[in-house]
Amino acid sequence: MSNAAQTMGGASPKASVASSVSAADRVAVTKRLQSELMGLMASADPGVSAFPAGDSLFSWVGTIAGSAGTAYEGLSYKLSLNFPAVSTPADIRILATGLRPTWG
């Protein structure tokens, strides 16, 4: 362990900077997710819905309905959306699907 890390109680200076950036990122992502939630709530699109799964704004559940006139019409897809506390892509998973056309 370097002298600088020992002086800081075992944490490296780089880790300290990363944690302060992480806190700022978390605030920015929280504001963005709140804005997205308000947009979804105001949306008149009946084919898309998503809301926080519980008390955490970083874990949502949602549904997407298949578009009319497509092979997906009449199908509904349940989603799990997990947003990291930094500005990186969300983890989106389809939890349950109906039948779907063959991908080719």
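Residues numbered from 1 in each chain as written. Predicted model: local features only at pLDDT ≥ 70, side-chain atom pairs only at ≥ 80, totals over all residues. Heavy atoms only, no water.

Using the criterion set out here, one finds two aromatic pairs in the structure. Between Trp60 and Phe83, the aromatic rings sit 5.3 Å apart at their centres with planes inclined by 70°, giving edge-to-face as the arrangement. Taken together, the residues Trp60 in strand E2 (residues 59–65) and Phe83 in the loop between strand E3 (76–82) and strand E4 (91–96) connect sequence positions 23 residues apart. In this structure, Trp60 and Phe83 share a single accessibility class: buried. Centroid distance Tyr72 to Tyr77: 6.4 Å. Interplanar angle 65°. Geometry classified as edge-to-face. Overall, the relative accessible area of 26% leaves Tyr72 in the partly exposed class. (Phe/Tyr/Trp six-rings, centres within 6.5 Å; stacked < 30°, edge-to-face > 60°. Helix = DSSP H or I, 4+ residues; strand = E, 2+ residues; numbered from the N terminus. Buried < 20%, exposed > 50% of the residue type's maximum accessible area, 1.4 Å probe, protein only.)

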